[in-house]
Each structure stands twice: as structure tokens, then as C-alpha cells.
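Chain by chain, the residues run as shown.
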Amino acid sequence: EFPVVFMPALEQEIVPGERSQDKPEELEEERRVIFVGMTRAKEELTMTHARLREFRGSTRYAVPSMFLDELPADRIRAMDLSSGSGGVAPAIYDWRGGSPASQQGWLDAGVQANDEGEGIAWAPGTLVRHDTYGQGRVTDLSGYGAMRKVKVRFPAHGEKTFIANKVKLTVVGRDDD
């Protein structure tokens, strides 16, 4: 048993897996595994699902696991932490970069957080270098998590948009340098 248990990605085709949905015995085994995980939480259990999921190379809307519907409604406290849920996003940023402990955690994980706690060292105006396009300036950041995008204007190649956690950009300087 553990004081706190997290069970992420409780979505159809992940839990239960897409192959077990037509096989009652496999579906029941996955239900049992979820139940075992839930019973290991001594004080707090957090079960999550995403609205969007990057899965097998494509981004698609996620459907919450059917197992979540089987839980008693009076025992569930739902929170929407998506960017459009009325002010919750700043709380996420505080957790990501708002304290010395979280900053150290990000550094230990190899991520340099900027002043807003975005987990990415770029901000509009940052001068960056790309291996193919050369030197350019960040013009915009949008989205969150796996959907986060960075837009860079390169003098010889125009404006390019990249998935932030996939692109390799080296910071050359900032507007205030």
C-alpha cells in the first residue's frame, strides 16, 4: 500500500486496451487490475484522463475509460485542468515553476523553465538557432503540453511553426540582451 496512488491515462483503447474490448475475459482482467491499483491507495487516489491524446503519431480526442463510469458518483471529485476551464491554468504554471523545489525538479529532469513556468526556455523575442533554417526569432508560443507550439521567423525562410517538445532550437539571445 502507498499513501498516494496516481493512475493516469484511463481512456478507452488504453485502459481497457483496444484488443481486450471484444474479449470479456480480458476486459474483466483489466477491470481487476484497475481495482487492485485503486485498493493500494491508503490516503489519496488520483485517476486521470486526457481530452486530447497524442497516440501512435496522431493527436485525437480521448474518450474516458468505461471503468470510470463504474465508480460511485458520490466518491468522485472532478477537476478540469485544461487551458479553457476558467483560470485553472495559472495553478498548473505555479506547480510547474512557481517554487524553488519545482524549479529544481525541472532542472533535475533536464528542462529549463522560463519565468512563466512553461517548462520551455523560449519566450517571444528570443533569438534561436535551428540546424536547417539558421538563426531566427521566436514570435509566438501557443497551446499546452504535447500540443505546445513555437512560431519562429527566419529571415531567409519566413515563419515556421514547430511542436515545442520536438524541435531542437538553441537559444542565442533575448530581446533584453
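Conventions used here
Residues numbered from 1 in each chain as written. Predicted model: local features only at pLDDT ≥ 70, side-chain atom pairs only at ≥ 80, totals over all residues. Heavy atoms only, no water. Helix = DSSP H or I, 4+ residues; strand = E, 2+ residues; numbered from the N terminus. Expected span 1.5 Å × (residues − 1). Buried < 20%, exposed > 50% of the residue type's maximum accessible area, 1.4 Å probe, protein only. Arc of directions from axis to C-beta. Contact = heavy atoms within 4.5 Å. pLDDT = per-residue confidence, 0-100. Patch = residues over 30% accessible without salt bridge, like charges linked within 9 Å, V, L, I, M, F, W, Y side chains within 5 Å. Areas by Shrake-Rupley, 256 points an atom, 1.4 Å probe, with all protein chains shown as cover. Salt bridge = Lys/Arg side-chain N within 4 Å of Asp/Glu carboxyl O.

### Re helix 1 (residues 24–39)
In step 1: The terminal C-alpha atoms of helix 1, which comprises 16 residues, lie 23 Å apart, in line with the 22 Å expected from a rise of 1.5 Å per residue.
In step 2: All of the buried residues in helix 1 are L27, I34 and G37. Along the long axis of helix 1, the arc covered by the buried residues comes to 80 degrees, so they all point the same way. Among the exposed residues of helix 1, those pointing more than 90 degrees away from its buried face are P24, E25 and F35.
In step 3: Contact partners of the buried residues in helix 1: strand 1 (2–7) and strand 2 (41–47).

### Examining the confidence of the model for the chain
It should be kept in mind that the predicted coordinates are not to be read in detail where pLDDT is low.
In step 1: Overall, the prediction assigns the chain a mean pLDDT of 79, with 74% of residues at 70 or greater.
In step 2: Segment residues 84–97: pLDDT under 50, and 22 contacts once partners within four positions in sequence are set aside and those in other chains are kept.

### With respect to the environment of G134
In step 1: Its place among the elements puts G134 in strand 6 (residues 134–142).
In step 2: The exposure class of G134 is buried, given its relative accessible area of 18%.
In step 3: In the structure, G134 is positioned 20 residues away from F154 in sequence and 7.2 Å away in space, judged by C-alpha atoms.
In step 4: For G134, the residues in contact, after removing those within four places along its chain, are V128, R129 and F154.

### Quick look at a nonpolar patch on the surface
In step 1: Judged by side-chain polarity, L52, Y61 and M147 come together as a nonpolar surface patch covering roughly 330 Å² of accessible area.
In step 2: Secondary-structure assignment places M147 in the loop between strand 6 and strand 7 (149–154).
In step 3: A residue is classified by how much of its surface remains accessible, and M147, at 31% relative accessible area, is partly exposed.

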